[in-house]
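One-letter residues, chain by chain:
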Amino acid sequence: MLSFEPSGAVLGAVVRGIDLAQPLGRRDMGAILLALGRHGVLRFPDQHLGLGELKRFSEQFGEIQGPATRGRDETQEYPEIDTLSNLKENGRYIGSPDAGQDWHTDMTYREVPGFVNVLYGIRIPHRDGKPLGGTEFANMHAAYEALPTEIKTRLDGMTATHNIEKFWEHMRRVHNSPRPPMTDEQRRRRPPVVHPIFLTHPITGRKVLYCNPGFAEWINELPKRESDETLEYLFAHQLQPQFRWTNVWAKNDLLIWDHLGTLHRALAGYGPDEIRLIRRCQVMATKVFDLEFLRSARELAAETA
């Protein structure tokens, strides 16, 4: 029997009573969608998935994006699935060793942005019996609601330009990332895009603050100085402690979170010999704004009201 146990914090719930290696039924899919809107982050403990099963679960929510700044490796059986790991083989990292180690929302640098991230924990580092490498989140429903009325009114209808190179260079400069500078080809594939600062969430119908410090670099309707000052205010506001919650990983956890209603960052704090290995599917918002896709969730809500 599918059940949701809220974390008691501003975000997060544990989901029990389901085997994600099996296809989701319509009712379970609707319940998970509703819970994503309500809790933002869902943890499914003790799941046992092959890569094919991870892909099948993920693509029920939308199209899976390939690697953000490089072409797919078609020699791999599942090139859509990313590897996040500090593990090396033959002197090279088997995946991204430093992905997401600062605040952002995935894929706002794309015209069709991200809907959910699906991460499956295969190896989780521990020290003195405690797991390392958590993922911290911030609630953008709560951040929007807590904005002063005059800010909501002034910025209503405004848009921001999002650029992947902002985050890419921040990781190189601030976090000493080994990633090289972006190439002209990478920039060509991922040009800057525009999204509303306040977005109506398709599941909850409520507004969220959809403007993250990782990729948002300009409020298009404001002069540069005012844009910079306003963005600085919004970024500080949305990262206040009352909006934040940290997920602690365990082996075989599957974690799914809603990009439209949250920010996140990966917490490092583990050494090169403390191995972290996670598989990731970045799912785009190719379905969630479709009312037919949401019908299961809405009908479930009507049945349980």
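Scroll up to find the structure this text is about.
First, a word on what this report is: a plain description of the structure on this page. (Residues numbered from 1 in each chain as written. Predicted model: local features only at pLDDT ≥ 70, side-chain atom pairs only at ≥ 80, totals over all residues. Heavy atoms only, no water.)

Description of helix α1 (residues 26–39)
At step 1: Over its 14 residues, α1 extends 20 Å from the first C-alpha to the last, a length consistent with the 20 Å expected when each residue adds 1.5 Å.
At step 2: For α1, the buried fraction is high: 10 of the 14 residues fall into the buried class.
At step 3: At the C-terminal side of α1, G40 shows a positive phi close to 80 degrees. (Helix = DSSP H or I, 4+ residues; strand = E, 2+ residues; numbered from the N terminus. Expected span 1.5 Å × (residues − 1). Buried < 20%, exposed > 50% of the residue type's maximum accessible area, 1.4 Å probe, protein only.)

A closer look at the sheet that holds strand β17 (residues 244–247)
Sheets are built from strands that pair by backbone hydrogen bonding, the pairs being arranged parallel or antiparallel.
At step 1: Read from one edge to the other, the open sheet built from three strands follows the order β17-β11-β19, with strand pairing classed as antiparallel. One side of each edge strand has no neighbouring strand; the edge strands of this open sheet are β17 and β19 (262–266). Strand after strand, the sheet turns through a mean of 25 degrees between neighbouring axes, direction not considered.
At step 2: Here strand β11 (residues 135–139) runs beside β19; their pairing, made up of five bridges, is antiparallel. Bridged to F137 within β19 is H264. (Pairing = 2+ DSSP bridges. Axes fitted to C-alpha atoms, helices over the stretch in contact; angles between N-to-C directions.)

What about the packing of aromatic side chains?
The description of an aromatic ring pair uses the distance of the two centres, along with the angle that the planes make with each other.
At step 1: Under the counting rule described, the total for this entry stands at seven aromatic pairs.
At step 2: Centroid distance F61 to F115: 6.5 Å. Interplanar angle 55 degrees. Geometry classified as tilted. Of this pair, F61 sits in the loop between α2 (51–59) and β4 (64–65) while F115 sits in strand β8 (residues 114–123), and the two are 54 residues apart along the sequence.
At step 3: Take F115: its relative accessible area is 0%, and that puts it in the buried class.
At step 4: When the centroid spacing of 4.9 Å and the interplanar angle of 70 degrees are considered together, the rings of F137 and W257 count as edge-to-face. Placement of the pair is F137 in strand β11 and W257 in strand β18 (residues 254–258), with a sequence separation of 120 residues. Considered together, F137 and W257 belong to a single accessibility category, that of buried residues.
At step 5: Grouped by ring-pair contacts, the aromatic residues F44, F57, F61 and F115 constitute a single cluster. (Phe/Tyr/Trp six-rings, centres within 6.5 Å; stacked < 30°, edge-to-face > 60°.)

What to know about the sheet that holds strand β12 (residues 159–162)
At step 1: A sheet is described by the order of its strands in space; here three strands give the open sequence β13-β12-β16, paired in antiparallel fashion. Unpaired on one side and paired on the other, β13 (193–196) and β16 (216–219) mark the two borders of the sheet. Strand-to-strand twist across the sheet, computed as the mean angle between neighbouring axes with direction ignored, equals 35 degrees.
At step 2: Pairing of β12 with β13 involves four bridges; the strand directions are antiparallel. Note on β13: the bridge partner recorded for T161 is V194.

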